[in-house]
Amino acid sequence: MNKVTGLHQINCVTFPLLSVTPDQPEQQLLKPNEWSYCDYFWTDKKDPQGTPSVGGFEVLLQKQLKGKQMQKEMAEFVRERIKIEEEYSKNLSKLSQSPLAAQEEGTLGEAWAQLKRSCHDEAEVHLKFSNKLQCEVEKPLLTFRDNFKKELKKYDHHIIDLRKQLASRYAGVEKARRALADRQKDLEVKTQQLDIKHMNKHEEDIKKARRKSTQAGDDLMHNVDLYNRAQSKWFEEMVTTSLELERLEVERVEMIRQNLCQYTTLRHETDMFNQSTVEPVDQLLQSVDPAKDRELWVQEHKTGELRPVDMDI
């Protein structure tokens, strides 16, 4: 298990690579021009030395876990902002009750008293802002994160178990293939050793060797069938699950975008004089595009476009 991500690593060959031939055209993407998860994470990601270090599906899970962590940190940021607003409101309210210059008289005294009342009003505005931040920004971020965590957990072990099964089936095929080669070699040797003097004995040996060779061939066909079934199941689940993770990521990005939009709305309501400082944020939030984010991320982290194919004997 990866101690950093908490994910299981399955670094093993699980399907033969597709060799493109004139009668076997190149594979087409399942969702062309969409940079979809289901098209780019079939093979293992390699380290700088070229050694497979992490499965393609685990790369997707790491992306989701990173998104969950980013969402947690965003909620922590909003919590810190709430504390600052609460403390600021408390200090403003305290300042508005200060007796300083309370003896000022006349119109100047009235103006001064109004200034202190405005501090109290401003304190109320910031207190309301902190309460709205908690209810309308921080709480939704945390709630969505908890639900997202539950959704993510159910995909982890399921796909990993299927990948382990596929690896086991692949190993079974390779073992059966070697066994068949050994039986065929043994049959060839016994056939070459056939002579007239010991014909009866050698013929019996050849019959046994031929039966074993036939059995080894049957075993290979059986293991290939088991592999193809496991590969088909894993393929279907990989496509379905990667598309589901893609949907969850789009929902996460959209939800955060909406919450940050709500943050800026509350910020505008709280202090219209600082509108110019949040307008750039508004513009950037309006430009949030989950599809574009996915495209850039997939371009940087994709592990391969070739999907598994059935094995030929």
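Parameters and conventions
Residues numbered from 1 in each chain as written. Predicted model: local features only at pLDDT ≥ 70, side-chain atom pairs only at ≥ 80, totals over all residues. Heavy atoms only, no water. Helix = DSSP H or I, 4+ residues; strand = E, 2+ residues; numbered from the N terminus. Buried < 20%, exposed > 50% of the residue type's maximum accessible area, 1.4 Å probe, protein only. Contact = heavy atoms within 4.5 Å. Polar contact = N/O pair within 3.5 Å; in protein donor to acceptor, adjacent residues only side chain to side chain. Salt bridge = Lys/Arg side-chain N within 4 Å of Asp/Glu carboxyl O. pLDDT = per-residue confidence, 0-100. Core = buried A, V, L, I, M, F, W, Y, C linked by side-chain atoms within 4.5 Å. Phe/Tyr/Trp six-rings, centres within 6.5 Å; stacked < 30°, edge-to-face > 60°. Patch = residues over 30% accessible without salt bridge, like charges linked within 9 Å, V, L, I, M, F, W, Y side chains within 5 Å. Areas by Shrake-Rupley, 256 points an atom, 1.4 Å probe, with all protein chains shown as cover. Lys, Arg positive; Asp, Glu negative; His and termini not counted. Charge placed at Lys NZ, Arg CZ, Asp CG, Glu CD. Expected span 1.5 Å × (residues − 1). Arc of directions from axis to C-beta.

Student: Hey, could you run me through the overall build of the protein chain in this one?
Tutor: Assigned secondary structure in the protein chain consists of six helices and two strands. For the protein chain, buried positions account for 37% of its 313 residues. Sequence-distant contacts in the protein chain: of pairs separated by 6 or more residues, those separated by 24 or more amount to 82%.

Student: When you look at the side chain of R307 in this model, what are you seeing that I'm missing?
Tutor: With respect to the helices, strands and loops of the structure, R307 is situated in the segment after α6 (290-301). Judged by relative accessible area, R307 falls into the buried class, the value being 10%. Among the polar contacts made by the side chain of R307, one reaches the main-chain carbonyl oxygen of Q28 at a distance of 3.0 Å.

Student: Any chance you could explain the pattern of salt bridges here in plain terms?
Tutor: Summed over all chains, the structure comprises 17 salt bridges. Here E34 ties to K31 by a salt bridge, and the two come within 3.3 Å at their closest N and O atoms. For E138, the salt bridge goes to R79, with nearest N and O atoms at 2.8 Å. Of the two residues, E138 sits in helix α3 (residues 106-192) while R79 sits in helix α2 (residues 56-96), which places them 59 residues apart along the sequence. What makes R79 partly exposed here is its relative accessible area of 22%. A cluster of three or more residues bridged by salt bridges with shared partners is formed by K63, E249 and R252.

Student: Just checking my understanding: could you explain the confidence of the model for the protein chain for this structure?
Tutor: Should pLDDT be low for a region, the predicted coordinates there are not to be read in detail. Predicted confidence across the protein chain gives a mean pLDDT of 81, with 84% of residues reaching 70 or more. Scored below 50 in pLDDT, residues 1-12 shows 32 contacts in the model against residues more than four places distant or in partner chains. Across residues 273-278, where pLDDT falls below 50, the model places four contacts with residues more than four positions away in sequence or in other chains.

Student: In this structure, what is going on with the nonpolar core? I would like to understand it.
Tutor: The tendency in soluble globular proteins is for nonpolar side chains to be buried as a group. In this structure, F41, F57 and L245 are the most contacted members of the largest nonpolar core, which totals 45 residues. Counting only elements with at least two residues in this core, the list comes to α1 (37-40), α2, α3, α4 (199-270) and α6. The greatest single-element share of this core, amounting to 15 residues, is contributed by α3.

Student: What is the right way to look at the packing of aromatic side chains in this model?
Tutor: For any pair of aromatic rings, the description rests on two quantities: the centre-to-centre distance and the angle between the ring planes. One pass over the full model with this rule turns up eight aromatic pairs. Relative to W297, the ring of Y37 has its centre 5.9 Å away and its plane inclined at 65 degrees; by these criteria the two rings are edge-to-face. Of the two residues, Y37 sits in helix α1 while W297 sits in helix α6, which places them 260 residues apart along the sequence. Considered together, Y37 and W297 belong to a single accessibility category, that of buried residues. Look at F129 and Y263: their rings are 6.4 Å apart centre to centre, the planes differ by 55 degrees, and that puts the pair in the tilted class.

Student: Hey, could you run me through a positive patch on the surface in this one?
Tutor: A surface patch of like charges, here positive, comprises R183, K207, K208, R210, R211 and K212. Secondary-structure assignment places R210 in helix α4.

Student: Even after reading the chapter, I still don't get α6, so can you show me in this structure?
Tutor: Since the α-helix packs 3.6 residues into each turn, any two residues three or four apart lie on the same face. Across its 12 residues, α6 extends 16 Å between first and last C-alpha, which sits within 8% of the 16 Å expected from 1.5 Å per residue. Residues P290, R294, W297 and V298 constitute the buried set of α6. The buried residues of α6 all sit within an arc of 100 degrees when viewed along its axis, so they share a single face. At the N-terminal end of α6, a side-chain oxygen is found 3.0 Å from the backbone nitrogen of A291, two or three residues along, and the residue is D289.

Student: Explain the environment of Q184 here, please?
Tutor: Inspection of the secondary structure puts Q184 in helix α3. Taking C-alpha positions, Q184 is 5.7 Å from S213, a pair spaced 29 residues apart along the chain.

Student: Would you mind showing me how to read unusual backbone geometry here?
Tutor: For residues besides glycine, phi is generally negative; the peptide bonds are generally trans as well. Unusually for a residue other than glycine, N33 sits at a positive phi of about 65 degrees. Along the chain, N33 turns up in the segment before α1. By relative accessible area, N33 is classed as exposed at 76%. Phi is positive for W35, close to 50 degrees, though the residue is something other than glycine.

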